[in-house]
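Residue strings, one per chain:
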Amino acid sequence: MSLHDPKAINIAIVGVGNCASSLVQGIAHYQNGGANEQIGLMHWDMGGYRPKDITVVAAWDIDRRKVGRDVAEAIFEKPNCTAVFCDHVPASGVTVEMGRVLDGYSDHMAEAPADRTFLVADIAQPEKADVVRRLKETGTDVLMNYLPVGSQEATEFYAECALEAGVAFVNNIPVFIASNEAWAKRFQDAGVPIIGDDIKAQLGATIVHRVLTDLFHKRGVKLDRTYQLNTGGNTDFLNMSNRKRLASKKVSKTEAVQSVAEHRLDDENIHVGPSDYVAWQNDNKVCFLRMEGQLFGGVPMNIELRLSVEDSPNSAGVAIDMIRCAKIAKDRGLAGPIHPAAAYFCKHPPIQTTDDEAHAALESFIKG
């Protein structure tokens, strides 16, 4: 596909982990349409763009097993452990380059077995000018941020690169860029679209918790207290076992639930967040959800739910829609946070709305 093909959406990926693996597998899986197109995508055609129009043109990672490999090979390298649902990903011709480490690597990861952790390549890291040059020469439309949770400095480094290169930025992690007024203004002033922050999975713990919280509100049930406990065995959960890297994640996930409650719960009555790393779960994420409330007459009730999902494919279809929204925004000359996409696809958008309102706004945005 030509770099100048008007139907192409050229993407660059920062962090070739499980989520990137699911995204790249998904692009190959949906390449031919047919029976596949009915399963797992919220939108087959979005503004004239289909999944097959997305092409990876650049990628960065810090793991020595991935750097120097074709993206199609790197996505299956350790420590990636997500489901292989498309084993015929064609060679991309794009080599994974060494990324900037900064705070993208937590020291506690060194204590884990090699197959479970990042092995940082001992080679020169890129300067901002190197990344900007690559984004420009590859004709990148959208830069996807898949860095580990807690990577504040590293995320800001790549956000700066996107700004300078004039490339739309999709922030899939809970580092607040789109929802930070100063950063949002910089993207607005630079004429560059941004969608973020923190991708909301297709049918994950957060969206289920939100929908049930909204249901309590709509049905007149008073929500007294709730928890959401999540366990998993991928590098995301291993990384988050350093509780210092969790601050923004807990804010993001908690606000996603609080924002649709009839009344904000006191801090001691709501607990939302990753609770434990269980290596053998691999990329399977298990959510334990409990909600306690009062029905008519103040009569107590509670609901308990267990949700089990493969974590990374659960976000990949949402990522495909975010990519296309970013390209549509770019095509229309829009800049700064793209609110309809952020509200529907992200846990911590600049403006929180109910999912019904966000869905209506998104469909209106797509139609233009």
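Here the structure is a predicted model, which is why all the values come from computation and not from measurement. (Residues numbered from 1 in each chain as written. Predicted model: local features only at pLDDT ≥ 70, side-chain atom pairs only at ≥ 80, totals over all residues. Heavy atoms only, no water.)

Before we move on, could you go through the pattern of salt bridges and cite the residues and values that matter?
Once their charged atoms are close, side chains differing in charge can pair, the charge on each being opposite to the other. In the structure shown here, the tally under the stated rule is 26 salt bridges. In this structure, Arg69 engages Glu77 in a salt bridge whose closest nitrogen and oxygen atoms are separated by 2.9 Å. Owing to a relative accessible area of 30%, Arg69 belongs among the partly exposed residues under this scheme. Between Arg225 and Glu292 there is a salt bridge; the shortest N-O distance is 2.7 Å. Here Arg225 is found in strand 7 (residues 222–232), whereas its partner Glu292 is found in strand 9 (residues 284–294), with 67 residues between them in sequence. For Arg225, a relative accessible area of 39% translates into the label partly exposed. One salt-bridge network, in which partners are shared between bridges, spans Arg225, Arg290, Glu292 and Glu304. (Salt bridge = Lys/Arg side-chain N within 4 Å of Asp/Glu carboxyl O. Buried < 20%, exposed > 50% of the residue type's maximum accessible area, 1.4 Å probe, protein only. Helix = DSSP H or I, 4+ residues; strand = E, 2+ residues; numbered from the N terminus.)

How would you summarise unusual backbone geometry if you had to cite specific residues and measurements?
Following Lys78, the chain continues into Pro79 via a peptide bond in cis, with omega recorded as 5°. Considering the arrangement of structural elements, one finds Pro79 in the loop between helix 2 (71–74) and strand 3 (97–98). In this structure, Asp197 follows Gly196 across a cis peptide bond, with omega equal to 10°. Along the chain, Asp197 falls in the loop between strand 6 (193–195) and helix 6 (205–218).

So, the sheet that holds strand 6: which residues are in play, and what are the values?
The seven strands lie next to each other as 3-2-1-4-5-6-11, forming an open sheet whose pairing is parallel. Lying at the two open borders of the sheet, with one neighbouring strand each, are strand 3 and strand 11 (336–337). Summarising the sheet, strand 4 (residues 142–145) and strand 5 (residues 168–171) pair through four bridges and their orientation is parallel. Across the sheet, Met144 pairs through a bridge with Val170, a residue of strand 5. Each of strand 1 (9–14), strand 2 (54–61), strand 3 and strand 4 is contacted by helix 3 (residues 128–137), which is oriented at about 165° to strand 2, the strand it contacts most. Strand contacts of helix 9 (residues 313–331): strand 1, strand 2, strand 4, strand 5 and strand 6, with the helix running at about 160° to strand 6, the strand carrying the most contacts. (Pairing = 2+ DSSP bridges. Contact = heavy atoms within 4.5 Å. Axes fitted to C-alpha atoms, helices over the stretch in contact; angles between N-to-C directions.)

Describe the sheet that holds strand 10 (residues 300–310), with residues and values.
With mixed pairing, the four strands of this open sheet are ordered in space as 8-7-9-10. Each having just a single partner strand, strand 8 (270–277) and strand 10 make up the two edges of the open sheet. Averaged over neighbouring strand pairs, the angle between their axes works out to 15° when direction is ignored. Bridge count between strand 7 and strand 9: nine bridges; the pairing is antiparallel. Opposite Arg225, over in strand 9, you have Glu292 as the bridge partner. Where helix 6 meets the sheet, its contacts fall on strand 7, strand 8, strand 9 and strand 10, and the angle it forms with strand 9 comes to roughly 15°. Across the sheet, helix 8 (residues 247–258) is in contact with strand 7, strand 8 and strand 9; its angle to strand 8 comes to roughly 140°.

Provide a residue-level description of helix 3, including the pertinent values.
Buried residues of helix 3: Val131, Val132 and Leu135, and no others. Projected down its long axis, helix 3 shows its buried positions confined to an angular sector of 100°, all on one face. Following helix 3 by one or two positions, Gly139 has its phi on the positive side, about 65°. (Arc of directions from axis to C-beta.)

Any chance you could break down the nonpolar core for me, citing the residues and the numbers?
Core analysis: the biggest nonpolar cluster contains 48 residues, and Ile11, Ile13, Leu23, Met144 and Ile195 have the highest contact counts within it. Per-element accounting of this core gives the leading share, nine residues, to helix 9. Not counting the four nearest positions on each side in its chain, Met144 is found in contact with Ile11, Ala12, Ile13, Val14, Leu23, Val170, Asn172, Ala319 and Ile323. (Core = buried A, V, L, I, M, F, W, Y, C linked by side-chain atoms within 4.5 Å.)

I'd like a description of a nonpolar patch on the surface, backed by residues and values.
Taken together, the side chains of Leu295, Phe296 and Val299 present a nonpolar region at the surface, about 350 Å² in accessible area. Owing to a relative accessible area of 39%, Leu295 belongs among the partly exposed residues under this scheme. (Patch = residues over 30% accessible without salt bridge, like charges linked within 9 Å, V, L, I, M, F, W, Y side chains within 5 Å. Areas by Shrake-Rupley, 256 points an atom, 1.4 Å probe, with all protein chains shown as cover.)

Explain the pairing of strand 7 residue by residue, including any values.
Side-chain direction in a regular strand flips from residue to residue, so the side chains alternate between the two faces of the sheet. Sheet analysis places strand 7 next to strand 8, joined by seven bridges and oriented parallel. Along strand 8, the bridge assignment pairs Leu229 with Gly273.

So, the UniProt feature "domain: Myo-inositol-1-phosphate synthase GAPDH-like" (unreviewed entry) in the protein chain: which residues are in play, and what are the values?
UniProt records the feature "domain: Myo-inositol-1-phosphate synthase GAPDH-like" (unreviewed entry) for residues 204–312 in the present numbering. Within the segment residues 204–312, helix and strand shares are 29% and 38% respectively, and the terminal C-alpha atoms sit 10 Å apart. (UniProt positions renumbered as here; feature names shortened; annotations may be inferred.)

So what's going on with the domain arrangement of the protein chain? Residues and values would help.
Looking at the protein chain, the domain boundaries give domain 1 (9–200 + 313–367) and domain 2 (205–310). Domain 1 and domain 2 are separated by 25 Å when their C-alpha centres are compared. On the domain 2 side, the residues contacting the 33 residues of domain 1 number 30 residues. At the boundary of domain 1 with domain 2, total buried surface from both sides reaches about 2,500 Å², with 54% on carbon and sulfur atoms. Among the residues domain 1 hides against domain 2, the three largest losses belong to Arg116, Val149 and Lys347. Together they make up 25% of the total. Between domain 1 and domain 2 we count three salt bridges in total. Two residues, Lys249 and Asp198, come together in a salt bridge whose shortest N-O distance is 3.6 Å. (Domains from an automatic or database assignment. Buried area = accessible area lost by both parts, 1.4 Å probe.)

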